[in-house]
Every structure is written in C-alpha cells, then in structure tokens.
Amino acid sequence: MIPKKILLITWFALVLTVPWWFLDGNTQWFGLPAWVTYAVFSAITYSCILGWIIQKYWHPEDDTE
Amino acid sequence: MIQNDSALLGPGGIAFLGLYVLSLILIGWLGKKARAENSLSDFYLAGRGMSMSVLFLTLYATQYSGNTLIGFAGRAYREGFHALVLVTLLSGAVGAFILYAPKLYRLSRKFNFITPADFIHHRFNDNKLTFFAACLCLMALANYVLTNLKAIGYIVVAVTGGAIPFAYGVIALSLVMVIYETLGGMRSVAWTDALQGSILMVGILTIFITIQGEYGGFAFIYDQIQIADPSKLISPTFTQKLTWFSTVCLGFFGISLYPHAVQRIYSARSERTLKRSIQVMAFMPLVTTLFMVLVGLTALALFPGLDRQSSEGATLLVLKDLSARGAIGTSMMVLFLSATIAAIMSTVDSALLSMSSIITKDFYARLKPNSRQAYLTRLGKIISWAIMALSVYLAIALPQTIWRLLEIKLELLIQVAPAFFLGLYLKDLFLKASITHYGKVFEIYHLHRINNIQILHTKVVNALVSKLVLIQYFLFQVQQ
C-alpha cells in the first residue's frame, strides 16, 4: 500500500463527486437535470475507483487462504 | 409517527415475522455452542476467525441500518435529488477503510486489540486519552442504538396498524436482540447479521425492481416532482454544495470509524478476507443507498406535502401504495419488512456488543487489569442488558428525528478520526498534540454553536481545523 498516493486519489475523486460546476436545473442529461445525472455517475465512478485501488494497491501480508 | 391506522400485514404475515425474529434466538444459541473459549477475544471478536462471506455480510448488515431504509428515504422525500449525497456518504467510508484498515488489521493481530481505543492506548500510551476516545465512541454508539430503536418502533406500528404500540414494539424486539447477543457474543451477532444482510440485500433489490416496473423510475419521479415541487430539482447553491462536501467528509471520517466496524476489521480471519470484503463493500452504496433514495423520491412524487415527521414513513407509504395497486403480494411485503427489521436489528446488536466491549475492556479491565477473562465476559453480558434497558427508555422518550440523531452521532465519531488516521501514519506524533486536538475541538465546537453556523457540520470543521493544529505541532516537533 502507498498511503500518500491512495489518499490523493481517493480524496481527489471524492471531492469531484460534489456537483460543483452546475448552476441551474434547466440543462438536462439523459432526461434528468444535468447535476443529478452527474451526481449519480460520479458516485458510480467513485465506487469503481475504490474497487480498483483495493485490487491494485492492497497486497495482503498473510495471503493464507 | 405513522398516521395511517391500516396494518401493512395480516395476522399470517405478522406471525411469520414473529417466527423470523424468534429464529434469531436459535442462531444466537448456535453461536454459543460454537464458542471455543470463555475469553474477551472469543466473545467480542468471534475468535478472530470470520470468513469472507460472514465478514462481508456482517459489515454490510451493520453499515446499512434503519437509517438507510427509513431515515435516508425520509431525507430524500424532504430534500429531493439533493439526497443523492447519501450515496457518496457511504462510499466515503469505504475510501477511509482503504487508508487505515490494512495497517490497523496487522497491528490488531500483533497486539491483540479488542476495541478501537486499544489502538489509541497502544499508540499514545495514555489512559486519559484512551478513556476520552472510548467515551466518544460510547456516546456515538448510544446515539446509533437510539436512532435504530426509534426506527424499529415506527416499523412495528406500521406493520400492525398500531395494534402493537410504539413502546411495546421497541421493548419486545430489544429483548430478542439482547438475548441472542449475550448468548454468543460476536459469533451470534455475525451469524444473525449474515442472515439479516442477505434478506436486506434481496429486499432492497426487490423493492427497487418493483418500483421501476410499477411507476417508471427516475423519469416518473422527475415528471411528478416537476409538477409538485420544482424547487427540489434546482442545482444546489454554493452553500448547499459546501454542505454536500461536509456530509461526504462525515462519511469518510465518521462512518469509517464506527467502533463496531473497526471491531469487524479485527475479527477477519486473514488480511485477504478483509480485503475482499471491503472491495465488495465499495459497490454496496450503489445497490442500497441509491435504491433507498429512489424509494424516498418515489414517495415524494406520489404523496407530496407531508410534514417532516410524516416523511420519516416515506418507505412504508410507498409499500402501502404498491400493495394497494396489487403490485406486491403479502410475501413480498413480508420480505421487505423482514429486510427492514433485519437491517435495524443487525445494527443495534452490533452497536450494543461494541458498547459492552468498550465499557468492559476500556474502562473496567484497564482499572482492574488482573480480572479474569471469564469474569469480564460475564460482566460484559450484564452491561449489555443495562445499556439496552436505558436505550429503550430513551428511544421512547426522546423526540428528535432519525436524521438529526444520525448527524449528532457522526459529529461525535469524527473527533476520534485524527488520532486514528494521523496516529497510524505519523511516526512522531506526540500525545500532547492529541490533547491539543481535543482541547481545540471543544473550544471551537462551543464557538460554532454560539454563532449558530449551519453551512458545514460543526464538528467536521472542528476535526479539519484541529488536524491543522496537529500538523503544525508535528512540524514544530520535527524542527525541534
């Protein structure tokens, strides 16, 4: 595990899940307000990033099973 | 409180639910039979031998509770799509697990940790700080038990149409929980959690699919809300975005440090088991929280105009409507209500066990280090009964909503975060720095309370500010 790198990736991705750059509810993506679609897709992406980080960077010391 | 007097289930359904609840006592008894030794490690950590499937299901059932099924849907009803923040609230906790779980697990194996405060004591070697951290964990857990007992009361009233009053429902189900918890400790709790977690997952998936089929999902919700309350479709203001970020921070620093979740990290059979369980947990907010937010939004689309208290019953209103339309039969209703009760019970039993372990290990055993393990285990069981009795009384007496109680809990837990996160990775972090942290926390906490600052959750600000204090102190020490 590389905590600094993981900290950076997880926090950067987490901050991006907030729909910072949407100012109104008029723009639509996929039939929903753009910020709603963004919030849903960013949550899905964040979960995928976490799954990938665990797979790539977490190397168990007692791989006994 | 649920206003509608019609029962969600008939006598047959209620009898089935009753049998399911009583079967948990049987599982608790089996857990007792499987006991390897009469020690704290066996009672509170299931002998540190949890397999991947049990560990994942117990983590899942513990993390997703009455708050998710009742409180989150209620919040989605009140706030509309802004409640999508709840999905990343839960994902943030998994992000934090990745940071601290591997190292904490290895340390727990090496130094035989039982409670979260064991790490604090190992790291800072100070009784006052350990007691303080244990107190914060206890307060947060007490709050956790309270929110879920309240939720269980609402469910019982709705299921029986008020035939069983709120207070009786809380008392009866609390009794079942405390019986199986004291029979087999963590082993019983984890096994019942495995059953409850499975029911919870199937129940939520079923209700989601049914809603999609019956109403039309997001498209239906959007159209209806646009007619009933278009203000809930507007993008968050900058202040609301800050609150969104603050809520996510609560998940990262608060939910990840649930004492019972930390104890499940200690309980893993191996690090590989732990890794796999947490990896699957990363995706659970998408199939649990997101689906429950959708249920709350569906309630908003169907029944606009409910007041704050009635909105806490949003999930049950949707269920009643589905039942009235003939979209779900009695069996599906029983399944979902079982899932709801399972979610609540699995959370309460875990929190109860954790509270009992903290009082026994962090307070009593530290003051009387020569006590026998068998005596401590017996004492822990007595403490469980006492805590449950007090919690039941408070759940019946206190008026706060579920979401507000949840916020208070996370604001408390987040105070332990700096000692954990920085303590694990900063080698030269000193005790004095941690004490400085707690001093600052209370000073700033009261300042914020006085000024009534609402944008960020007060204690999120505290934790972040006090982290800066810690880092400054750390840098000062390095310079010295």
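Placed above this text is the structure.
It should be emphasised that the depicted structure is a prediction, and the values quoted were computed from it without experimental measurement.

So, the overall build of chain A
Secondary structure summary: chain A contains 2 helices and 2 strands in total. Sorting the 65 residues of chain A into buried and exposed places 46% on the buried side. For chain A, long-range pairs separated by at least 24 residues make up 49% of all intrachain contacts whose partners lie at least 6 apart in sequence. Total accessible area computed for chain A in this model is approximately 3600 Å², and 68% of it derives from carbon and sulfur atoms.

Quick look at the overall build of chain B
Across its full length, chain B carries 22 helices and 0 strands. When the 480 residues of chain B are sorted by exposure, 64% land in the buried category. By element, 64% of the accessible surface of chain B is carried by carbon and sulfur atoms, the whole surface being about 16600 Å².

Here we look at the pattern of salt bridges
Pairing is possible between side chains of opposite charge, provided their charged atoms come close. All names here are of chain B. Within the structure shown, the criterion is met by 11 salt bridges over all chains. A salt bridge links Glu-79 to Arg-75; the nearest nitrogen and oxygen atoms lie 3.0 Å apart. Residue Glu-79 and its partner Arg-75 are both found in helix H4 (residues 66-79); the two are separated by 4 residues, about one turn of the helix. For Arg-75, a relative accessible area of 7% translates into the label buried. Here Asp-362 ties to Arg-366 by a salt bridge, and the two come within 3.4 Å at their closest N and O atoms.

Side note on a nonpolar patch on the surface
Residue and element names in this part refer to chain A. Taken together, the side chains of Trp-29, Phe-30, Phe-41 and Ile-44 define a hydrophobic patch exposed on the protein surface, amounting to about 460 Å² of accessible area. With respect to the helices and strands, Phe-30 occurs in the loop between strand S1 (28-29) and strand S2 (32-33). In this structure Phe-30 comes out as exposed when scored by relative accessible area, which is 74%.

Focus on the interface of chain B and chain A
When the parts of a complex come together, some accessible area is lost, and that lost area is often used as the size of the interface. Each partner contributes to the interface: chain B provides 45 residues, whereas chain A provides 42 residues. Considering only the surface of chain B that becomes buried against chain A, Ile-98, Lys-241 and Lys-275 of chain B emerge as the three largest contributors, covering 17% of it. Glu-61 of chain A is the partner of Arg-106 of chain B in a salt bridge, and the nearest nitrogen-oxygen pair spans 3.6 Å. Contributions of two or more residues to the side of chain B that touches chain A are made by helix H5 (85-111), helix H9 (217-228), helix H10 (238-254) and helix H12 (271-281) of chain B. With 12 residues, the top contributor of residues to the side of chain B that touches chain A is H5 of chain B. Of the residues assigned to the side of chain B that touches chain A, the class counts are 29 nonpolar, 9 polar and 7 charged.

A short note on the nonpolar core
Proteins that are soluble and globular tend to have nonpolar side chains buried together. Within the largest apolar cluster, 177 residues are counted, with the highest numbers of intra-cluster contacts made by Phe-81, Met-345 and Phe-421 of chain B. With 18 residues, the top contributor of residues to this core is helix H7 (residues 127-160) of chain B. Excluding anything up to four places from it in sequence, Phe-81 of chain B contacts Leu-32, Trp-35 and Val-36 of chain A together with Phe-218, Ile-221, Ile-225, Lys-232, Leu-233 and Leu-297 of chain B.

Digging into H10 of chain B
Residue and element names in this part refer to chain B. For H10, with 17 residues, the first-to-last C-alpha span of 23 Å sits near the 24 Å given by 1.5 Å per residue. Burial analysis of H10 places 12 of its 17 residues in the buried class, the great majority of the element. Listed as buried for H10 are Lys-241, Trp-244, Phe-245, Ser-246, Thr-247, Val-248, Cys-249, Leu-250, Gly-251, Phe-252, Phe-253 and Gly-254.

Regarding the environment of Tyr-393 of chain B
Residues and elements named next belong to chain B. By the secondary structure assignment, Tyr-393 is in helix H18 (residues 373-397). Tyr-393 sits in the exposed class, given a relative accessible area of 56%. Counting along the chain gives 18 residues from Tyr-393 to Tyr-375, while the straight-line C-alpha distance between them is 28 Å.

Brief notes about the packing of aromatic side chains
For the structure shown, the criterion picks out 24 aromatic pairs over all chains. Look at Tyr-60 of chain B and Tyr-64 of chain B: their rings are 5.1 Å apart centre to centre, the planes differ by 45 degrees, and that puts the pair in the tilted class. Residue Tyr-60 of chain B shares its accessibility class with Tyr-64 of chain B, and that shared class is buried. Three or more aromatic residues link up through ring pairs in this structure, and these residues are Trp-11 and Trp-20 of chain A together with Phe-238, Phe-245, Phe-252 and Phe-253 of chain B.

Re the side chain of Ser-41 of chain B
In this fold, Ser-41 of chain B is placed in helix H2 (residues 40-45). With residues up to four places along the chain from it excluded, the contact list for Ser-41 of chain B reads Ala-46, Gly-47, Arg-48, Ile-114 and Gln-373 of chain B.

Focus: helix H1 (residues 3-16) of chain A
A rise of 1.5 Å per residue sets the reference length of H1 of chain A, with its 14 residues, at 20 Å; its end C-alpha atoms lie 20 Å apart and thus fit the reference within 8%. Listing the buried residues of H1 of chain A in full gives Ile-6, Thr-10, Trp-11, Ala-13 and Leu-14 of chain A. Burial along H1 of chain A is one-sided: seen end-on, the buried residues are contained in an arc of 165 degrees. Every exposed residue of H1 of chain A that faces more than 90 degrees away from the buried side is listed here: Lys-4, Leu-8 and Phe-12 of chain A. Buried residues in H1 of chain A make contact with helix H2 (34-57) of chain A together with H5 and H10 of chain B.

Points about the environment of Phe-97 of chain B
Residues and elements named next belong to chain B. Structurally, Phe-97 is set in helix H5. In this structure, the C-alpha to C-alpha distance between Phe-97 and Leu-257, residues 160 residues apart in sequence, is 8.5 Å. Look past the residues within four positions of Phe-97 in its chain and what remains in contact with it is Gln-63, Pro-102, Ser-256, Ala-261, Ile-265 and Ile-278.

Examining the packing of helix H8 (residues 166-214) of chain B against helix H16 (residues 314-325) of chain B
Residue and element names in this part refer to chain B. Put simply, H8 and H16 touch, their axes get as near as 12 Å, and they point 55 degrees apart. Taken together, the axes of H8 and H16 lie oblique to each other. Pair H8 / H16 crosses with left-handed handedness. When H8 is examined against H16, the residues Ile-207, Thr-210, Ile-211 and Glu-214 are found in contact with a partner set consisting of Val-318, Leu-319, Leu-322 and Arg-325. Here the contact of H8 with H16 is built from residues that sort into 5 nonpolar, 1 polar and 2 charged.

Thresholds, definitions, all that
- Residues numbered from 1 in each chain as written.
- Chains lettered and ligands numbered in written order.
- Predicted model: local features only at pLDDT ≥ 70, side-chain atom pairs only at ≥ 80, totals over all residues.
- Heavy atoms only, no water.
- Helix = DSSP H or I, 4+ residues; strand = E, 2+ residues; numbered from the N terminus.
- Buried < 20%, exposed > 50% of the residue type's maximum accessible area, 1.4 Å probe, protein only.
- Contact = heavy atoms within 4.5 Å.
- Areas by Shrake-Rupley, 256 points an atom, 1.4 Å probe, with all protein chains shown as cover.
- Salt bridge = Lys/Arg side-chain N within 4 Å of Asp/Glu carboxyl O.
- Patch = residues over 30% accessible without salt bridge, like charges linked within 9 Å, V, L, I, M, F, W, Y side chains within 5 Å.
- Buried area = accessible area lost by both parts, 1.4 Å probe.
- Nonpolar A, V, L, I, M, F, W, Y, C, P; charged D, E, K, R; others polar.
- Core = buried A, V, L, I, M, F, W, Y, C linked by side-chain atoms within 4.5 Å.
- Expected span 1.5 Å × (residues − 1).
- Phe/Tyr/Trp six-rings, centres within 6.5 Å; stacked < 30°, edge-to-face > 60°.
- Arc of directions from axis to C-beta.
- Axes fitted to C-alpha atoms, helices over the stretch in contact; angles between N-to-C directions.
- Parallel < 35°, antiparallel > 145°, perpendicular 65-115°, else oblique.
- Left-handed = near helix turned anticlockwise from the far one by under 90°.

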